[in-house]
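# Structural description and commentary
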Amino acid sequence: MHADLIAALTAIVGEGHVLTGHATAEYATDWRQRLQGQALCVVRPGSTDEVAQVVRACAAAGVSIVPQGGNTGLVEGSVPDGSGRQVVLSLRRMHAVRAIDPDNLTITVEAGCVLQNVQALVQEAGFLFPLSLGAEGSCTLGGNLATNAGGTQVVRYGNTRDLCLGLEVVTADGQVWDGLLGLRKDNTGYDLRHLFIGSEGTLGVITAASMRMVPQPAAQLTAWTAVPSLDAANALLALAHQHLASALTGFELMNQQALALVDLHYPHLRVPLWQQGPFCVLLEASDSESEAHARTLFERLLELAMEKELVLDAVIAESVQQAHDLWHIRESITLAQAAEGVNVKHDISLPISRIPAFVAETDAALHALLPGIRLVNFGHLGDGNLHYNAQAPEDMEARAFVADHEECIGEVVYRNVHRFGGSISAEHGIGSLKREKLPHYKSPVAMQLMQRIKSALDPQNLLNPGRVLVGPRTDP
Ligand code: FAD
Ligand code: 2HG
Ligand code: ZN
């Protein structure tokens, strides 16, 4: 029966594009090395029509599908379970540019295009694609859409959802929905695009998208500051909004523990100012006039911040290379955490004003729960999004720490997130990592509506079953 399906899939996508056995290993292990699944096979279609045929063949065989892009997701959503009965549908071969329309300010590109390549294509066309994240060298646009990824420029340009003007999707019964109009206004009923964005492969397979391009800034400046407290970081953010207005394109927070790990594992990166205060903040300004204009605004902001004692010390990058190096330090925290050992992640959002109190209370509760726990707290403060992560105490083995303590640490963190009016997933999604937790923190009505949408769009539960929602498995 499965041999028949593999033969049918091979007939659709061609010899060499259906992988089995050892060749599936990299597609079956998640980035964090927490899940080691097993795929029936990995199928790599080269066109939307082939995706539709693959979905129809799997549906006919009653075999479920795990759509996959760059496999950089952090919530155990992109790899198959251990049954050996799921098909991984990899979009990586589908990376063609369908159109670039400078007048409409849009690029239409296939879902498997790596984010960095989308950025480069848009730059060549004289514009900016303002989605930026540490995994941009390997994550795909389809994955970004399926997770509604955030990243480091959300404070100015919004999440992936805000950059998307249209989608092409293969539905669970193998039809193609062409919604690639690229219109900025279209009120013809329910906006289906927004259902698929952020649905983590559970409602349809995204095969292409029309995305916004924005004007390139005339100049970009980056500053790295040490700040005395979270209250000061918040006040600096308010000041930056006031002085830079829409020129503020990045506002990232990093605590001392996060930077200590980068310093430990990547000493050549020479982390600035990290021992001077409990937090550092990375600011980015993008100016539509000139470098001189940007510099004047930025220097004035930092002078004021120092007068108000919101900033202990600061450096402004003097070149594009220096700015790049500062961003590289910020983007290395996840890798430094991985190098230190498996760890516990909480991708949370809170009202910005409540973050200092949340962190004070939660830090204290966790230090009481597990003395020596290392709290690695960093993230997109401009969006109220913290990566409030935890690493084992120095004298505890990392895997034992995760196995024995992840659950109770999560309970403390999520209870406080809820109490302070926040969300248990800001930008990484739910996957299978948080699917059991979701019903505790989301309203029963919202959960019921989500279940109904899933049943309506994927009645056979074929698309990424068991992700986002706890549901019945259809595998035989
Ligand atoms: P995958 O990991 O392959 O898949 C993710 C989910 O999307 C899965 O549920 C999968 O089934 C589904 N999916 C993938 N492609 C499709 C498709 N074409 N159609 C339907 N469903 C699909 N995330 C952020 O939001 N902000 C960050 O700043 C950020 N930084 C990161 C830094 C590092 C170092 C790493 C490793 C990850 C980071 N991430 C971040 C998480 C991750 O990169 C994003 O979630 C990214 O959007 C996933 O893209 P992907 O192509 O790798 O998707
Ligand atoms: C980031 O902002 C990513 O760097 C990853 O979202 C966060 O490692 C993490 O927890
Ligand atoms: Zn992030």
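Residues numbered from 1 in each chain as written. Chains lettered and ligands numbered in written order. Predicted model: local features only at pLDDT ≥ 70, side-chain atom pairs only at ≥ 80, totals over all residues. Heavy atoms only, no water.

## A closer look at the domain arrangement of the chain
This is how it is decided: Boundaries of every domain are those given by an automatic assignment or by a domain database. Buried area counts how much accessible surface, traced with a 1.4 Å probe, disappears from two parts once they are put together, with both parts' losses summed. The term polar contact refers here to a pair of N or O atoms within 3.5 Å; inside protein, the definition further demands a hydrogen-donor-capable atom paired with an acceptor-capable atom, and it admits residues adjacent in sequence only when both atoms are side-chain atoms. Secondary structure elements follow DSSP: runs of H or I no shorter than four residues count as helices, runs of E no shorter than two count as strands, and numbering proceeds from the N terminus. Residue polarity follows a fixed list, in which Ala, Val, Leu, Ile, Met, Phe, Trp, Tyr, Cys and Pro are nonpolar, Asp, Glu, Lys and Arg are charged, and the others, Gly among them, are polar.
Domain annotation for the chain reports domain 1 (2–93), domain 2 (97–215) and domain 3 (219–334). Relative placement of domain 1 and domain 2: their C-alpha centres are 22 Å apart. Interface of domain 1 and domain 2: buried area, both sides summed, is about 1,200 Å²; carbon and sulfur atoms make up 67% of it. Counting the surface domain 1 buries against domain 2, the share from its top three residues, T48, T72 and L91, is 37%. Our count for the contact surface shared by domain 1 and domain 2 stands at 3 residue pairs in polar contact (both at pLDDT 80 or more). Of the residues forming the side of domain 1 that touches domain 2, the biggest block, 6 residues, is contributed by helix α3 (residues 48–61). In terms of residue class, the side of domain 1 that touches domain 2 is built from 8 nonpolar, 4 polar and 2 charged.

## Quick notes on the packing of helix α9 (residues 230–244) against helix α14 (residues 355–369)
Rules: Only the stretch in contact is used when a helix axis is fitted, and all axes are lines through C-alpha atoms; the angle between N-to-C directions ranges over 0 to 180 degrees. Geometric relationships in this document are graded by angle, where less than 35 degrees denotes roughly parallel, more than 145 denotes roughly antiparallel, 65 to 115 denotes roughly perpendicular, and other angles denote oblique. For any pair of crossing helices, the crossing counts as left-handed if the nearer helix is rotated counterclockwise from the farther one by less than a right angle, and right-handed if it is rotated clockwise. The contact criterion used throughout is that any non-hydrogen atoms of two residues lie within 4.5 Å.
Following both chains from N to C, one finds α9 and α14 inclined at 160°, their axes separated by 9 Å at the closest point. Taken together, the axis directions place α9 and α14 in an arrangement best described as roughly antiparallel. For the pair α9 and α14, the crossing hand works out as right-handed. Facing L230, D231 and N234 of α9, the residues of α14 in contact are I355, P356 and V359.

## Focus on the site of ligand 2
Stated formally: Nearness is judged by heavy atoms alone; a residue qualifies as near a molecule or strand once a single heavy atom is within 4 Å of it. Note on areas: these come from Shrake-Rupley sampling with a 1.4 Å probe, and a residue is covered only by the protein chains present in the view.
In the vicinity of ligand 2, the residues found are L74, R330, T334, K345, F378, H380, H387, N389, E427 and H428. Interatomic distance of 2.7 Å between a side-chain N/O atom of R330 and an oxygen atom of ligand 2. A distance of 2.7 Å separates an oxygen atom of ligand 2 from a polar side-chain atom of H428. Taking 290 Å² as the accessible area of ligand 2 by itself, protein coverage stands at 89%. Mapped by element, the contributors of at least two residues to the shell around ligand 2 are β17 (374–380) and β18 (385–391).

## Focus: the coordination of the zinc ion (ligand 3)
Going by this rule: Excluding water, the donors of a metal are its N, O and S neighbours within 2.8 Å, or within 3.2 Å for Na, K and Ca, and that exclusion means sites may look incomplete. Relative accessible area decides the class of each residue, using a 1.4 Å probe on protein chains only: under 20% of the type maximum gives buried, over 50% gives exposed, and in between gives partly exposed.
Around the zinc ion (ligand 3), the protein contributes the donor atoms H380 (NE2), H387 (NE2) and E427 (OE), which lie 1.9 to 2.1 Å from the metal centre. Read from N- to C-terminus, the donor residues coordinating the zinc ion (ligand 3) fall into the pattern H-x6-H-x39-E. A residue pair is termed long-range when its members are at least 10 positions apart, and H387 in strand β18 and E427 in the loop between α15 (398–419) and α16 (438–441) qualify at 40 residues. The same class applies to H387 and to E427, which are both buried.

## Some thoughts on the environment of M94
As for its placement among the helices and strands, M94 is situated in the loop between β4 (86–90) and β5 (97–101). We classify M94 as buried; its relative accessible area is 0%. For the pair M94 and M211, spaced 117 residues apart in the sequence, the C-alpha separation amounts to 16 Å. Sequence-distant contacts of M94, defined by excluding residues within four places in its chain, comprise P45, G46, S47, T48, V51, E110, A111, G112, C113 and T207.

## Things to note about the site of ligand 1
Taken together, 36 residues surround ligand 1, and among them P67, G69, T72, G73 and T140 come closest. At a separation of 2.8 Å, an oxygen atom of ligand 1 approaches a polar backbone atom of G69. At 2.8 Å, a backbone N or O of G70 approaches an oxygen atom of ligand 1. Notes on ligand 1: free accessible area 970 Å², of which the protein chains cover 97%. Put simply, the parts of the chain that give the shell around ligand 1 at least two residues each are β3 (65–68), α5 (141–147) and β10 (204–212). When residues in the shell around ligand 1 are grouped by element, the largest group, 5 residues, is from α5. Each residue belonging to the shell around ligand 1 can be placed in one class, and the counts come to 12 nonpolar, 22 polar and 2 charged.

## Focus on the nonpolar core
Operational definition: Among buried residues, those of type Ala, Val, Leu, Ile, Met, Phe, Trp, Tyr and Cys that are joined through side-chain atoms within 4.5 Å constitute a nonpolar core.
One finds F251, L283, F298, F358 and F401 to be the most contacted residues of the largest nonpolar core, which totals 59 residues. Elements with a contribution of two residues or more to this core: β12 (219–227), α9, β13 (248–255), β14 (279–287), α11 (291–307), α14, β18 and α15. Filtering out sequence-adjacent residues up to four positions away, F298 remains in contact with L221, T222, A223, L244, L283, E284, A285 and I316. The next biggest cluster of nonpolar side chains, apart from the first, holds 54 residues, and it includes L89, V122, Y157 and M213.

## Details of the sheet that holds β5
Cut-off, in case you're wondering: Strands are labelled as partners when DSSP assigns at least two bridges between them.
Strand order in the open sheet formed by 5 strands is β5-β6-β10-β8-β9, and the pairing between neighbours is antiparallel. A single partner strand is all that each edge strand has here, and the edge strands are β5 and β9 (176–179). Neighbour-to-neighbour, the strand axes of this sheet turn through a mean angle of 15°, independent of strand direction. Of the strand pairs in this sheet, β5 and strand β6 (residues 106–110) are connected by 4 bridges, and their pairing is antiparallel. Its bridge partner lying in β6, V97 is registered against V109. Sheet contacts for α3: β5, β8 (164–171), β9 and β10; angle to β8, the most-contacted strand, approximately 40°.

## Section: the packing of aromatic side chains
For clarity, the threshold we go by: Any pair of Phe, Tyr and Trp rings, taking the six-membered ring for Trp, is counted once the centres come within 6.5 Å. Such a pair is stacked with planes under 30 degrees apart, edge-to-face with planes over 60 apart, and tilted for the rest.
The full count for this structure, using the stated rule, is 4 aromatic pairs. Taking 5.6 Å as the distance between ring centres and 70° as the angle between the ring planes, the aromatic pair formed by F358 and Y388 counts as edge-to-face. Here the residue F358 occupies a position in helix α14, and Y388 occupies one in strand β18, the gap between them amounting to 30 residues. Owing to a relative accessible area of 0%, F358 belongs among the buried residues under this scheme. Ring geometry for F358 against F420: centres 5.9 Å apart, planes inclined by 85°, an arrangement best described as edge-to-face.

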